Amino acid sequence: MSNSFSKEERVAFDQLLQDFQDALVMSRNVSVYKTDQTQMERTGNTIWRPQPYIAVSYPGTDMTANFLAQTQMSVPAQIQYQRSVPWPMNPLELRDALQANRLGKSAREKLASDINLAVLQVATAQGTLVYKSTSAAGGSPGGGFGDLANIEGIMNRVGIQYEDRYAAFSTFDYNGLAKDLANRQNMVDMTKEAYKRGYVGMVASFETYKLDYSLRCLAAAGSGNTMSSLASALNYYVPAATYTDPISGARTNVDNRYQTITINLTTSILAGDAFTIAGVNEAHHITKQDTGNLKSFRVIKVPSATTLVISPPIISNQGGSIAEQQYQNCVVTPASGNAIVFLNTATANINPFWFKDSIEILPGRYEVPMDAGAAVMRATTEQGIDLVLQKQYDINTMLTKYRLDTLYGVNMLQPEMAGIALFGQS
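First things first, this report covers the structure right here in the doc. Source: prediction; values computed, not measured.

Cut-off values and rules
- Residues numbered from 1 in each chain as written.
- Predicted model: local features only at pLDDT ≥ 70, side-chain atom pairs only at ≥ 80, totals over all residues.
- Heavy atoms only, no water.
- Helix = DSSP H or I, 4+ residues; strand = E, 2+ residues; numbered from the N terminus.
- Contact = heavy atoms within 4.5 Å.
- Pairing = 2+ DSSP bridges.
- Salt bridge = Lys/Arg side-chain N within 4 Å of Asp/Glu carboxyl O.
- Buried < 20%, exposed > 50% of the residue type's maximum accessible area, 1.4 Å probe, protein only.

1. Looking at the environment of Pro 415
Phase 1 of the analysis: Along the chain, Pro 415 turns up in the loop between β24 (399–412) and β25 (418–422).
Phase 2 of the analysis: For the pair Pro 415 and Pro 312, spaced 103 residues apart in the sequence, the C-alpha separation amounts to 6.8 Å.
Phase 3 of the analysis: Here Pro 415 is in contact with Gln 126, Gly 127, Thr 128, Leu 129, Arg 257 and Ser 311, once residues within four sequence places are set aside.

In structure tokens form, the structure reads like this:
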């Protein structure tokens, strides 16, 4: 082969892979689903992933009328990110091996950052549980523990699994939590680490992480918004596994994470806004009991002057179908003009929290020819993410071109098992 990697370059690539894995802080704490790459190419890099069934139980011994078809909901998961870091090196730069290692390290750090950022963006944009505090992080009653305990309560009361819970905070908010721990002199080990390193660790069932970058949400600008929750307004949602086109008869899967609702006006409402609806309480996912707390929703899109695409859908069992009984997530007190109240009342950092299986990475793979003149090395991380390093020499310019590539997808499978914490709200 006209281009090949030296022994030193191969050793450097092995080290680069190890460092790459170490840098994948966010992506280590979500699920991974490995796909057949031939199938993904044939389906436009999309595969439908099933959501968990939720069964319905009945009292008594006679079940004659209760053998009803169960609805299996699914989510379209995509491999949608193609990221590459290319760089050239001239024959003078190649004299310094340290220069090459620095460029490789920079490429690794950038790709790892891209993957972490993709997970962060999905978690913050689509998580629907919302914890809102008027205080700074660590400043609520109970301090930092109080904040995380409140977030735990939000997840517990709707029946989300206790294990594999994670939370990531902006540096400012994370240090606010650590400050509270540092002041607790009766917790020697945690106090020492909080004081020395600004470290929080596991608190109230959450493994916590500090972000050196975080996304921010703007203060909601919508006002005077209302929605009818009467059954006749059809603002409730009926889950369905598939949809059959009435003209062509073609059947397609249905993405049940979103719903279009009709409200009085959508002026100044933006995607990402979080809100509650008066009279629309959350229901425990398993027992279907009213938790006594308003259900939180996120704006996904604003299609028109009177419609919003929201997540999760309002599954209130107002239609009485078995699918609604299975997946009921709301208890509604019907009214013609339920007030919509926005939760993001001040611009702030968005701090995501999630159950591990709510977010999923789909590793992709490039089929790079090994005999086309370029040297190729590839390796796979512990999560199955494929890295491809290529090198090619150009005799005309005496430049050696390198590129490091990866292909992956990040998808929110269950937005009701992830959410955001907002501090300093009014």
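More follows now that the structure is in view.
2. A short note on the sheet that holds β25
Phase 1 of the analysis: One open sheet accounts for 6 strands, arranged β5-β25-β20-β6-β8-β7; its pairing is mixed. At either end of the open sheet lies a strand with only one pairing partner, and these are β5 (129–132) and β7 (202–203).
Phase 2 of the analysis: Examined bridge by bridge, β7 and strand β8 (residues 206–211) share 2 bridges and lie antiparallel to one another. Each bridged residue has a counterpart across the sheet, and for Met 202 the counterpart in β8 is Glu 207.

3. Regarding unusual backbone geometry
For residues that are not glycine, phi is negative in most cases, and the peptide bond is trans in most cases.
Phase 1 of the analysis: Look at the link from Ser 311 to Pro 312: it is a cis peptide, with omega at -5°.
Phase 2 of the analysis: With respect to the helices and strands, the residue Pro 312 is situated in the loop between β16 (307–311) and α7 (322–327).
Phase 3 of the analysis: For Asn 45, which is not glycine, the phi dihedral falls at a positive 60°.
Phase 4 of the analysis: Among the secondary structure elements, Asn 45 is positioned in the loop between α2 (37–42) and β2 (46–50).
Phase 5 of the analysis: In this structure, Asn 317 takes a positive phi of about 65° despite not being glycine.
Phase 6 of the analysis: Relative to the assigned elements, Asn 317 resides in the loop between β16 and α7.

4. Some thoughts on the pattern of salt bridges
Phase 1 of the analysis: For the structure on display, the rule yields 10 salt bridges.
Phase 2 of the analysis: Notably, a salt bridge pairs Glu 416 with Lys 295, separated by 2.6 Å at the nearest N-O pair. Taken together, the residues span a long stretch of sequence, with Glu 416 in the loop between β24 and β25 and Lys 295 in strand β15 (residues 290–301) at a distance of 121 residues. Comparing Glu 416 with Lys 295 shows no difference in burial state: the two are buried.
Phase 3 of the analysis: Connected through salt bridges with shared partners, the residues Arg 365, Glu 367, Arg 378 and Asp 386 form a single ionic network.

5. Considerations on the pairing of strand β14 (residues 274–283)
Phase 1 of the analysis: Within β14, 8 of the 10 residues are buried, leaving the element largely enclosed by the surrounding structure.
Phase 2 of the analysis: Pairing of β14 with β15, which is carried by 5 bridges, proceeds in the antiparallel orientation. Within the sheet, the bridge partner assigned to Asn 281 lies in β15 and is Leu 294.
Phase 3 of the analysis: Once β14 ends, the chain turns through 6 residues before running back antiparallel as β15, passing Lys 288 with a positive phi of about 70°.
Phase 4 of the analysis: Two strands pair when backbone bridges link them, and β14 and strand β18 (residues 338–342) are joined in this way by 3 bridges, in the antiparallel orientation. In the strand pairing of β18, Thr 276 is matched with Val 341.

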